[in-house]
Structures are given as structure tokens and as C-alpha cells.
Amino acid sequence: MRLLGRSTRDRFTPDGAAAERVPVPVPRPTSVAFGGPGLQTMYITSACLGLTPAQLEEWPLSGAVLERDARTPGRPATPFRLTRSGC
């Protein structure tokens, strides 16, 4: 997925080829997560910090968490364990 600063999210294949461009109704999407049955719901976070009042009026969903169906399901999270060493 593409980083902050565009009103789209881009999906790439495992070999790095562009596969899909997903438009989103915010100018600053920040991150993507998948959930729901079969990981087929995409959750997109967005930022509103630094936007002018005019930009916030133009993009009223800025700062929201957006939800949409995913054409390609997400992948399960990789479990990890955070440990403290040296204690």
C-alpha cells in the first residue's frame, strides 16, 4: 500500500507489480488493516492534522477510519511475543 499523501491506496502483487488502485475519500490515508469474515473487509485510517479549514470542508471524512469490501482478502497477522531482555 502507498504511504501518506495520496487519496488512493495501491495494492501490489508479491513480485512488486501494481495490481489495483483503490480511491479513498480523504487526502491523507495513513494505514490499512483487514478484518471481518475471511479478512475481506479493509479498514483504512486517515489523518486530519495539518489540513486547513478549507481542506477539512472539502474532505469531511479526514481523520476517520474508513471501511470497504476488499477485492483481495488480507492475510492473517503474524503472531509475535515482545519480551524484555537483560532484566
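The rules we used
Residues numbered from 1 in each chain as written. Predicted model: local features only at pLDDT ≥ 70, side-chain atom pairs only at ≥ 80, totals over all residues. Heavy atoms only, no water. 1 Å grid on protein atoms, 1.4 Å probe; cavity = no way out; pocket = protein on both sides within 12 Å on 5 of 7 lines; lining within 4 Å. Points joined across faces, edges and corners; volume = space filled by probe spheres on them. Nonpolar A, V, L, I, M, F, W, Y, C, P; charged D, E, K, R; others polar. Core = buried A, V, L, I, M, F, W, Y, C linked by side-chain atoms within 4.5 Å. Buried < 20%, exposed > 50% of the residue type's maximum accessible area, 1.4 Å probe, protein only. Contact = heavy atoms within 4.5 Å. Salt bridge = Lys/Arg side-chain N within 4 Å of Asp/Glu carboxyl O. Helix = DSSP H or I, 4+ residues; strand = E, 2+ residues; numbered from the N terminus. Pairing = 2+ DSSP bridges. Axes fitted to C-alpha atoms, helices over the stretch in contact; angles between N-to-C directions. Polar contact = N/O pair within 3.5 Å; in protein donor to acceptor, adjacent residues only side chain to side chain. pLDDT = per-residue confidence, 0-100.

Q: So what about the layout of surface pockets? Which residues, and what values?
A: Of the voids in this model, the largest pocket is the one considered here, and its volume is about 250 Å³. Taken together, 10 residues line the largest pocket, and the ones lying closest to its centre are Phe12, Thr72, Pro73, Gly74 and Arg75. Among the residues making up the lining of the largest pocket, the classes are represented as 5 nonpolar, 3 polar and 2 charged.

Q: How would you summarise the nonpolar core if you had to cite specific residues and measurements?
A: Core analysis: the biggest nonpolar cluster contains 6 residues, these being Val24, Val26, Met42, Ile44, Leu66 and Ala70. Other than its neighbours up to four places away in sequence, Leu66 contacts Val24, Pro25, Val26, Met42, Tyr43, Ile44 and Leu61.

Q: Go over the pattern of salt bridges, please, and point to the residues and values.
A: On inspection of all chains with the given rule, the structure shows 2 salt bridges. Of the charged contacts in the structure, one is a salt bridge between Arg11 and Glu20, with a shortest N-O distance of 3.2 Å. Overall, Glu20 belongs to the buried group, its relative accessible area being 14%. Measuring nitrogen to oxygen at the nearest pair gives 3.6 Å for the salt bridge that ties Glu20 to Arg71. Of this pair, Glu20 sits in strand E2 (residues 18–23) while Arg71 sits in the segment after strand E5 (65–69), and the two are 51 residues apart along the sequence.

Q: Describe the sheet that holds strand E3 (residues 29–35), with residues and values.
A: Two orientations exist for strands paired in a sheet by backbone hydrogen bonds: parallel and antiparallel. With respect to topology, 3 strands assemble into an open sheet ordered E3-E4-E5, the strand pairing being antiparallel. Edge positions in the open sheet fall to E3 and E5, since each of these has one partner strand only. The average angle at which neighbouring strand axes cross in this sheet is 25°, direction not considered.

Q: So, the pairing of strand E1 (residues 8–12): which residues are in play, and what are the values?
A: Here E1 runs beside E2; their pairing, made up of 5 bridges, is antiparallel. Looking across to E2, one finds that Phe12 is bridged to Ala18. What sits between E1 and E2 in their antiparallel hairpin is a turn of 5 residues, with Gly16 showing a positive phi close to 95°.

Q: Summarise the side chain of Ser46; cite the residues concerned and give the values.
A: If you trace the backbone, Ser46 turns up in strand E4 (residues 41–46). Take Ser46: its relative accessible area is 11%, and that puts it in the buried class. Among the polar contacts made by the side chain of Ser46, one reaches the main-chain amide nitrogen of Gly63 at a distance of 2.9 Å. Within the local environment of Ser46, its side chain forms a polar contact with the backbone oxygen of Ala64, the two atoms lying 2.8 Å apart.

Q: An account of the confidence of the model for the chain is needed here, citing residue identities and associated values.
A: Put simply, the chain has an average pLDDT of 87, and 91% of its residues get 70 or more. In the model of the chain, E1 stands out as the element of lowest mean pLDDT, 81, in contrast to helix H1 (residues 53–58), which has the highest, 96.

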